[in-house]
Each structure stands twice: as structure tokens, then as C-alpha cells.
Amino acid sequence: MTLTIGRVASVVKVSTDTLRYYEREGLIAPTSKSRGGYRLYDGDAVRRVRFIKQAQHCGFTLTEIRGLLALRADNAACCGDVRRVALEKKLQLEAKIKAMKGMSKALDRLIAACKNGTRPLDDCPILAALQKGQRQ
Amino acid sequence: MKVELFYTPGCEKCADNKDELRTVATELVPDLVWRELNVLDELDYAVEVGVITLPSIAIDGEVLFSSLPTCRQLRRELIKRLGKVV
């Protein structure tokens, strides 16, 4: 099966610019070029792009996805290695969620401190609290 | 002192020199609590401690190694914590 970049883009529902970007990032590569110099891909490119999209959906960056693809092609690697990568991603996401919950709670406290929204800016308790934090 | 090693089963990097590290810590620290935690079972706790890579080692609740240290590195850290001179 030989596909043009436009055909791959249409099958996997991404733009041709995205495919070119993936190529620059070393995630996919055309198998050959047509006489006119157009990129030609095989079915594996479609599978790789679907893999990339799914991995992005799980929060992996393109750099991490490159690592996953390398792991997939590594005969010495096993499922446990892939699970470790997935677990590390999960730990990173949970750490971010925890940090964001902390931010959200800090905002709750600031919002609760402002009982009267009609006061002048000089009396704004939110700005005062932020300024106090700045001095610390 | 509590030393916690966070790992995932089946991961080669996690099993590398685990036994040697435990031996180093056990010989050096008299009141040592050595725990090996499977992150699949202890995910919430791992997040609480701040583990983001595997394997990791936390000492007294603080992640100090984001990959397995050498025996020498662990020994140095433990001695520092025990307040001894290297």
C-alpha cells in the first residue's frame, strides 16, 4: 500500500502540516518519494500516526512518544518497561492535579476574603493578599 | 530512619541493585525501616510523597533519588543523615 501525504492525513484525520512536523520530529518517515518528489508512505505510517494520537490523548509529549515508539521497536524491552513509562506519566499527571488543586484552594481563600465587590481597589482584599505574598 | 523504594514489578531498572542497596542501608542504620512499595498498589501514597519517576527512593518522606543510586551514593546520603563524618 502506497499513500500520499494527503491520503494519510485524510485517513488519520490530521493536517499535512502535522505529518510534516512529525517527520521533522523523527516520529514518522516516508518510505519513498514519487518522481515528482512527493512523500509516499506505507500502512505502517498510518498505524504510527494513530499510535501518536492515542498517546497524546493520554498526555504523552512528542518526546515521550518517540521514546515509546523506540521501546516498541526494541526486542530487549518487555511489557513491564512500557508499564513503567505509563506509570511515570500517571504520577506526573497526578502531581500536576495535586498542584492545581492547591492553586484552586488558594483562589477559594482569596475569593472568600472579598465579601464586598464594590469596594475601591485600594481596599481590595485579594490584591492586598497577593501583595502581602509578594513581600514575603 | 525510613527508606522507601518505589518500584513497579517487571521493570528491569527497578530490580537492578535493590538487594545491595537494602544491605548497605541495613548495615549502616541501626533503626532502619526499609520499605519496598509497588506503585501499582500504592499510587496515592507515591503521589503524596512526590514520586514522578520509577524507581525512586525517598528517605523520611523526601524523594532523594529519582533513579536507583549506586551503593556508594546511598551510603553517602545515609551517613549525611545520620550526622556522621564521611
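The rules behind each value
Residues numbered from 1 in each chain as written. Chains lettered and ligands numbered in written order. Predicted model: local features only at pLDDT ≥ 70, side-chain atom pairs only at ≥ 80, totals over all residues. Heavy atoms only, no water. Helix = DSSP H or I, 4+ residues; strand = E, 2+ residues; numbered from the N terminus. Rg over C-alpha atoms; globule rule 2.2 N^0.38 Å. Buried < 20%, exposed > 50% of the residue type's maximum accessible area, 1.4 Å probe, protein only. Contact = heavy atoms within 4.5 Å. Areas by Shrake-Rupley, 256 points an atom, 1.4 Å probe, with all protein chains shown as cover. Lys, Arg positive; Asp, Glu negative; His and termini not counted. Charge placed at Lys NZ, Arg CZ, Asp CG, Glu CD. Pairing = 2+ DSSP bridges. Axes fitted to C-alpha atoms, helices over the stretch in contact; angles between N-to-C directions. Polar contact = N/O pair within 3.5 Å; in protein donor to acceptor, adjacent residues only side chain to side chain. Buried area = accessible area lost by both parts, 1.4 Å probe. Salt bridge = Lys/Arg side-chain N within 4 Å of Asp/Glu carboxyl O. Nonpolar A, V, L, I, M, F, W, Y, C, P; charged D, E, K, R; others polar.

What to know about the overall build of chain B
Of the regular secondary structure elements, chain B holds four helices and four strands. Starting at the N terminus and walking to the C terminus, you meet the elements of chain B as β-α-α-β-α-β-β-α. Relative to a compact globule of 86 residues, whose C-alpha radius of gyration would be 12 Å, chain B shows 12 Å and is just as compact. Projected onto the principal axes, the alpha-carbon positions of chain B cover approximately 35 × 25 × 20 Å. Burial statistics for chain B: of 86 residues in total, 45% are counted as buried. Within chain B, residue pairs in contact and separated by at least 24 positions form 64% of the contacts whose partners lie at least 6 positions apart. When the accessible surface of chain B is totalled, it reaches about 4,600 Å², and 47% of it is carbon and sulfur. For chain B, the distance from the average position of its 11 positive side-chain charges to the average position of its 15 negative side-chain charges is 8 Å.

Details of the sheet that holds strand S2 (residues 33-38) of chain B
Residues and elements named next belong to chain B. Strand order in the open sheet made by the four strands is S2-S1-S3-S4, with mixed pairing throughout. Unpaired on one side and paired on the other, S2 and strand S4 (62-65) mark the two borders of the sheet. The sheet shows a mean angle of 30° between the axes of neighbouring strands, direction not considered. Relative to S2, strand S1 (residues 2-7) is paired through six bridges, and the arrangement is parallel. Looking at the pairing, Phe6 lines up with Leu37 of S2.

Concerning the side chain of Glu4(B)
Residue and element names in this part refer to chain B. Position of Glu4 relative to the elements: it lies in strand S1. What makes Glu4 buried here is its relative accessible area of 0%. Within the structure, the side chain of Glu4 is placed 2.8 Å from the side chain of Tyr45, a separation counted as a polar contact. Glu4 has contacts with Arg35, Leu37, Tyr45, Ser56, Ile57 and Ala58, leaving out every residue within four places of it along the chain.

A short note on the interface of chain B and chain A
Taken together, the 17 residues of chain B in the interface contact 13 residues of chain A. Here chain B packs against chain A, burying approximately 1,300 Å² in sum over the two surfaces, 68% of which is carbon and sulfur. In terms of surface lost to chain A, no three residues of chain B exceed Leu43(B), Val47(B) and Ile52(B), which account for 39% of the buried area on that side. Linking chain B to chain A there are zero salt bridges. Applying the counting rule to chain B against chain A returns three residue pairs in polar contact (both at pLDDT 80 or more). Those elements giving two or more residues to the side of chain B that touches chain A turn out to be helix H1 (12-15) and helix H3 (43-49) of chain B. For the side of chain B that touches chain A, the element with the highest residue contribution is H3(B), accounting for four residues. Split into classes, the residues belonging to the side of chain B that touches chain A amount to 11 nonpolar, three polar and three charged.

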